[in-house]
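Examination of the molecular architecture
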Amino acid sequence: MGSQVEGWRTGDRVTNLHVLDWADGCPPAFMGLGLGALHEDGVLAEYVVLPAGRVMRAPARLDHVEAATLPVAALTAWNALFGDHPVTADSTVVIIGSGGVALFALQLARAAGARVYAVVRRAAAGDSLVRLGAAGYVNSLTTPDWGQEVFARSGGADKVVDSVGVSLLPQALAALAPGGEIATLGLFDVVGAPVDGYALLGKQARIRGVAVGSAAMHRDLVRFVETHGIRPVIDRRFGFRDAPAAYKTQGAGGLFGKVVIEVD
Ligand SMILES: NC(=O)c1ccc[n+]([C@@H]2O[C@H](COP(=O)([O-])OP(=O)(O)OC[C@H]3O[C@@H](n4cnc5c(N)ncnc54)[C@H](OP(=O)(O)O)[C@@H]3O)[C@@H](O)[C@H]2O)c1
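Residues numbered from 1 in each chain as written. Predicted model: local features only at pLDDT ≥ 70, side-chain atom pairs only at ≥ 80, totals over all residues. Heavy atoms only, no water.

Looking at the site of the ligand
The environment of the ligand is formed by 20 residues, the closest being Ser98, Arg121, Leu187, Val210 and Val212. At 3.0 Å, a backbone N or O of Gly100 approaches an oxygen atom of the ligand. Here an oxygen atom of the ligand sits 3.2 Å away from a polar atom, N or O, in the main chain of Phe188. Out of a free accessible area of 940 Å², the ligand has 77% covered by protein chains. Secondary structure elements with two or more residues in the shell around the ligand: α2 (70–82) and α3 (100–111). Per-class residue counts for the shell around the ligand are 10 nonpolar, eight polar and two charged. (Near = heavy atom within 4 Å. Polar contact = N/O pair within 3.5 Å; in protein donor to acceptor, adjacent residues only side chain to side chain. Areas by Shrake-Rupley, 256 points an atom, 1.4 Å probe, with all protein chains shown as cover. Helix = DSSP H or I, 4+ residues; strand = E, 2+ residues; numbered from the N terminus. Nonpolar A, V, L, I, M, F, W, Y, C, P; charged D, E, K, R; others polar.)

As structure tokens, then:
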């Protein structure tokens, strides 16, 4: 630790803050794409040097591997749920798939007392999500008009966490209750289908783009994870030397939980 650093002690357990210079409120004009993207080195390394303001306390009860899952997937789910239009115990939330962000959204929303429905492409994933607390799921392959189906079953969602991309907006809008919000964050598809303006206006719906989250959100997330005893779902662990296999596994899909690489 540098001699001028305040607020930290040697041995503190920390994780990184993913993006640059976003303390609170609106994101800055330039926050980069995060560690490991175009402008900054990543964290797949035995040693990483970061400014003191670029780290955050890790939740007390999580081990290093669990804590490592927070800076992107969990923080993005947190921002989607609570960054605006915050989810409460009275809310109904829709998640898409069973990926890292969706799983955190399920765990965080359930801890807040909300009801959660999932939209999946695999029944096995839906069943696993129900075991984790989802009220039910719709298979988007067998029910392409899943928005109507979710609306009929739930009475309308207050929040749709769109972790696929804007192509889902028409169905997400159909699933939404009047006054609800679609928090769209997925990068699988950033060129979407046209949105039905009547539905958007009629429901007075909100569509919000979500990009990771601020340091203040991260701090709130850590406290919430500690208060509610949330444990990240981890699908596979790889050793440092097997890092390429970890990337292949992540790319192959069919996972249920995070893929992590342990530096031993
Ligand atoms: N905006 C941000 O700040 C931010 C932050 C984190 C991640 N992201 C982006 O958000 C997306 C999700 O990230 P992740 O880490 O959760 O991904 P992930 O762990 O790879 O999981 C992806 C999930 O999405 C499902 N899926 C993909 N396409 C689908 C479709 N057309 N319909 C229904 N389900 C679909 C997959 O289902 P199957 O299991 O059936 O394949 C899988 O469950 C990625 O595009 C990622 O780059 C953005």
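Here we look at the sheet that holds strand β6 (residues 157–162)
The pairing of strands in a sheet comes from backbone hydrogen bonds and takes either a parallel or an antiparallel form. Spatial strand order, β5-β4-β3-β6-β7-β8: six strands in an open sheet with parallel pairing. Only two strands of the sheet have a single neighbouring strand rather than two, namely β5 (136–139) and β8 (206–209). Taken over all neighbouring pairs, the strand axes of this sheet differ in orientation by 20 degrees on average, direction set aside. Pairing analysis gives four bridges linking strand β7 (residues 176–184) to β8, with the strands arranged parallel. (Pairing = 2+ DSSP bridges. Axes fitted to C-alpha atoms, helices over the stretch in contact; angles between N-to-C directions.)

Some points on the domain arrangement of the chain
Bring the parts together and some accessible area is lost; that lost area is often taken as the interface size. What the domain assignment lists for the chain is domain 1 (14–71 + 214–262) and domain 2 (84–209). Each of domain 1 and domain 2 has a C-alpha centre, and the two are 24 Å apart. Opposite the 14 residues of domain 1 that make contact, domain 2 presents 13 residues. In total, about 1000 Å² of surface goes out of reach between domain 1 and domain 2, with carbon and sulfur atoms giving 76% of it. Connecting domain 1 to domain 2 are zero salt bridges. (Domains from an automatic or database assignment. Contact = heavy atoms within 4.5 Å. Buried area = accessible area lost by both parts, 1.4 Å probe. Salt bridge = Lys/Arg side-chain N within 4 Å of Asp/Glu carboxyl O.)

Digging into the packing of aromatic side chains
Applying the stated criterion across every chain yields a total of three aromatic pairs. Arranged with centres 5.8 Å apart and planes meeting at 50 degrees, the rings of Phe82 and Phe224 form a pair that is tilted. Pair noted here: Phe82 is in helix α2 and Phe224 is in helix α8 (residues 215–228), with a separation of 142 residues, a long-range link. Residue classification places Phe224 among the buried residues on the basis of a relative accessible area of 15%. By the ring-pair criterion, three or more aromatic residues cluster together here, those being Trp78, Phe82 and Phe224. (Phe/Tyr/Trp six-rings, centres within 6.5 Å; stacked < 30°, edge-to-face > 60°. Buried < 20%, exposed > 50% of the residue type's maximum accessible area, 1.4 Å probe, protein only.)

Brief notes about the environment of Val195
Structurally, Val195 can be placed in the loop between β7 and α7 (197–202). Note on Val195: relative accessible area 30%, which makes it partly exposed. Through-space distance from the C-alpha of Val195 to that of Gly180 is 15 Å; in sequence the pair is 15 residues apart. In contact with Val195, other than residues within four places in its own chain, are Leu169, Leu173 and Leu200.

Description of the pairing of strand β3 (residues 92–96)
Of all five residues in β3, five are buried; the element is thus mostly enclosed. Where burial is concerned, the two faces of β3 agree: the one with Thr92, Val94 and Ile96 and the one with Val93 and Ile95 are both buried. Where β3 and strand β4 (residues 115–120) come together, five bridges link them in parallel fashion. Directly across from Ile96, in β4, lies its bridge partner Val119. As a crossover connection, the stretch from β3 through α3 into β4 is right-handed. With three bridges connecting them, β3 and β6 associate as parallel partners. (Right-handed = clockwise from strand over helix to strand, strands pointing away.)

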